[in-house]
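# Coordinates in review
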Amino acid sequence: MKPIRLPEPPGSPPRGVPDIFEGGVYGVVKRAVIIGNGFPASENQSVGLVRALGLSEKQTLYRVTRPRGGINEYLLWLPVSLHKQIYYIIRLIYGYSQVLLTSKGGRVQSLTGENGGSVGLSSVLEADVKSIVKMAKGTAEKDGPLLVVACGRDTISIASSIKKLASENVFVVQIQHPRTQLNRFDLVVAPQHDYYALTANAQEQVPRLFRKYITPNEPPSKNVVLTVGALHQVDFAALRSAAITWHDEFAPLPKPSIVVNIGGPTSHCKYGIDLSKQLTNYLRGVLDSCGSVRISFSRRTPAKVANFVRKELGDDPKIYIYDGEEPNPHMGHLAWADAFIVTADSVSMLSEACSTGKPVYVVGAERCKWKIGEFHKTLRERGLVRPFTGLEDMSESWSYPPLNDTADVANRVHEALADRGWRLRP
């Protein structure tokens, strides 16, 4: 039975006041569940939002996983539940056939198990709707409502089902546009460029016959929060902590210290060795005005791109190329760099760099099409980035108001909770 809710005393309650004076335990959100998909770039967005809401110490990560290897690589376009059903049938028919179920030199990835390395955990529970709903309902009287944050296509059905089955006990935030039925979630967080198909430029590119099949095909509804880029965990506190942690390694480096982040080609930003040649040539053009240069590759960087960069620049005494071994200096780079050069393919890397307020130069934006081209247009119009031409004097600095998408979304979550009569514990 729901407890009697006493009226709030005048003014904001001070810290330490019992929940009953904060509107009752039913209205105080003190914990979060993250539904991940195994991709660091996606899970980083959910973790970043939970961090911005002050619930990092009360978060639990669940993960939606797919079978991998062999024939499974051709089924990734299917909804995850259907993929698993087909995989189960194939296993019944063929057993563990090395031909159908494994890649050459590889093996099928387990559906559960110790898969939490990317978030510092030894294991992550498989996302199961029934168990999460049971937990949300069973602990509501004691622990209050549950914040559910999900990101990525494979998490959509899980998050929406939790909302449907436990709507009185959960507040569900879906990051990245789910394309249809936005009313399945309390809030949807989507970048502005997801709506590029509705712009005049896009309408000119798409034949009228096909426009209705491109989603989203309607303007954002009232429960959609628009961002410029991707959410992440980079804020002032994180940068300050990283500056201390990496002080001994980065403080002695000659200034200006330039960080180069290289991603990998995508469907909207296609490139290969051509971009590697462009980047290395441009870097040679600015080395005289650089004190030191540190280059890092992402998980998506093709081997031929990374190898070319190493071959061309690896012997220069001013240049350090991260070898991919732990510890990862990424946060140290964000804290200590004087400027960034970033390949145009990665919304996440650009969003993090632009959150520092430091100069960000982009290489390869002219190769980006459709919505990612629109993303770069927005960054340039807001003065967040400049094209990298190889003619820059890297000792010259410039700045802009840092991109604060994660904090802005956190504020919207506070407002939406208040509209429901809930609040986050102060």
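Below or above, wherever it landed, is the structure these notes cover.

Rules of the game
- Residues numbered from 1 in each chain as written.
- Predicted model: local features only at pLDDT ≥ 70, side-chain atom pairs only at ≥ 80, totals over all residues.
- Heavy atoms only, no water.
- Helix = DSSP H or I, 4+ residues; strand = E, 2+ residues; numbered from the N terminus.
- Buried < 20%, exposed > 50% of the residue type's maximum accessible area, 1.4 Å probe, protein only.
- Contact = heavy atoms within 4.5 Å.
- Areas by Shrake-Rupley, 256 points an atom, 1.4 Å probe, with all protein chains shown as cover.
- Pairing = 2+ DSSP bridges.
- Axes fitted to C-alpha atoms, helices over the stretch in contact; angles between N-to-C directions.
- Right-handed = clockwise from strand over helix to strand, strands pointing away.
- Polar contact = N/O pair within 3.5 Å; in protein donor to acceptor, adjacent residues only side chain to side chain.
- Salt bridge = Lys/Arg side-chain N within 4 Å of Asp/Glu carboxyl O.
- Phe/Tyr/Trp six-rings, centres within 6.5 Å; stacked < 30°, edge-to-face > 60°.
- Lys NZ or Arg CZ within 6 Å of the ring centre and 35° of its normal.
- Parallel < 35°, antiparallel > 145°, perpendicular 65-115°, else oblique.
- Nonpolar A, V, L, I, M, F, W, Y, C, P; charged D, E, K, R; others polar.

### Some details on the overall build of the chain
Along the backbone of the chain there are 16 helices and 15 strands. Expressed as a percentage of its 426 residues, the buried residues of the chain come to 50%. Contacts in the chain between residues at least 24 apart in sequence constitute 73% of all its contacts with a sequence separation of at least 6. Carbon and sulfur atoms make up 54% of the accessible area of the chain, which amounts to about 21,600 Å² in all.

### Some thoughts on the sheet that holds strand β8 (residues 224-227)
Strand order in this open sheet of 7 strands is β4-β3-β2-β5-β6-β7-β8, and the pairing throughout is parallel. At either end of the open sheet lies a strand with only one pairing partner, and these are β4 (125-126) and β8. In the sheet, strand β6 (residues 170-175) pairs with strand β7 (residues 187-191) via 3 bridges, with the strands oriented parallel. Directly across from I175, in β7, lies its bridge partner V189. Where helix α1 (residues 40-52) meets the sheet, it contacts β2 (32-36), β3 (59-63), β5 (146-151) and β6, and its direction lies at approximately 150° from that of β5. Contacts from helix α16 (residues 405-419) reach β6, β7 and β8, with the element oriented near 165° to β8.

### Description of the environment of S46
Relative to the helices and strands, S46 resides in helix α1. In this structure, the C-alpha to C-alpha distance between S46 and I34, residues 12 residues apart in sequence, is 6.5 Å. Not counting residues up to four positions away in its chain, the partners in contact with S46 are I34, V149, A150, C151 and I175.

### Let's talk about the sheet that holds strand β14 (residues 386-387)
Here we have 6 strands laid out as an open sheet, ordered β11-β10-β9-β12-β13-β14, and parallel in their pairing. Among the strands making up the open sheet, the edge pair consists of β11 (319-321) and β14. Relative to strand β13 (residues 360-363), strand β12 (residues 339-343) runs parallel, the two sharing 4 bridges. Among the inter-strand pairings, F340 is bridged to a residue of β13, identified as V360. Packing against the sheet, helix α12 (residues 303-313) makes contact with β9 (257-262), β10 (292-297) and β11, and its axis sits at approximately 160° to β10. The sheet strands contacting helix α14 (residues 347-354) are β9, β12 and β13, and the helix crosses β12 at an angle near 165°.

### Focus: the pairing of β12
For β12, a buried count of 5 out of 5 residues is recorded, marking the element as mostly surrounded by other parts of the structure. Pairing geometry for β9 and β12, over 4 bridges, is parallel. Its bridge partner lying in β12, V259 is registered against F340. Read as a crossover between parallel neighbours, the route from β12 over α14 to β13 is right-handed.

### Points about the side chain of D186
Within the fold, D186 resides in the loop between β6 and β7. Classification of D186 by relative accessible area gives buried; the value is 17%. At 2.7 Å, the side chain of D186 and the backbone nitrogen of V172 are in polar contact. Apart from residues no more than four positions distant in its own chain, D186 is found in contact with K163, V170, F171, V172, N223 and R420.

### Quick look at the side chain of E374
Mapping E374 onto the fold places it in helix α15 (residues 370-381). In this structure E374 touches H193 and Y196, once residues within four positions along its chain are discounted.

### So, the pattern of salt bridges
This model, assessed by the stated rule, comprises 13 salt bridges. R51 is the salt-bridge partner of D235, the closest N and O atoms lying 3.0 Å from each other. One end of the pair, D235, is in the loop between β8 and α9 (236-245); the other, R51, is in helix α1, and 184 residues separate them in sequence. Of the residues examined, D235 reaches a relative accessible area of 30% and is grouped as partly exposed. The exposure class assigned to R51 is partly exposed, which follows from its relative accessible area of 29%. Of the charged contacts in the structure, one is a salt bridge between K371 and D194, with a shortest N-O distance of 3.1 Å.

### Section: the environment of H232
Examined against the element boundaries, H232 turns out to sit in the loop between β8 and α9. In this structure, the C-alpha to C-alpha distance between H232 and A41, residues 191 residues apart in sequence, is 8.6 Å. With sequence-adjacent residues up to four places away left out, H232 is seen in contact with N44, G48, S351, E352, S355 and T406. Polar contacts involving the side chain of H232 include one to the main-chain amide nitrogen of V234, which spans 3.0 Å.

### So, the packing of aromatic side chains
In total, this model carries 6 aromatic pairs according to the counting rule given. Between Y361 and W398, the ring centres sit 5.7 Å apart and the planes meet at 85°, which makes this aromatic pair edge-to-face. You can see Y361 sitting in strand β13 and its partner W398 sitting in the loop between β14 and α16, a full 37 residues away along the chain. The pair formed by Y361 and W398 is uniform in burial state, with each residue classed as buried. Ring pairing ties together the aromatic residues Y282, Y361, F388, W398 and Y400, which thus form one cluster. We note R386 situated over the ring of W398; from NZ or CZ to the ring centre the distance is 4.1 Å. For the cation-ring pair, R420 lies above W422, with the distance from its terminal atom to the ring centre recorded as 4.0 Å.

### Considering the packing of α14 against α15
Angle between the axes and distance between the axes are the two parameters that describe a pair of packed helices. Two numbers describe how α14 lies on α15: the axes approach to 12 Å, and their chain directions differ by 10°. Our classification of the angle between α14 and α15 gives roughly parallel. Seen from α14, the contacting residues are V347, L350 and S351; seen from α15, they are I372, F375, H376 and L379. Classifying every residue of the contact of α14 with α15 gives 5 nonpolar, 2 polar and no charged.

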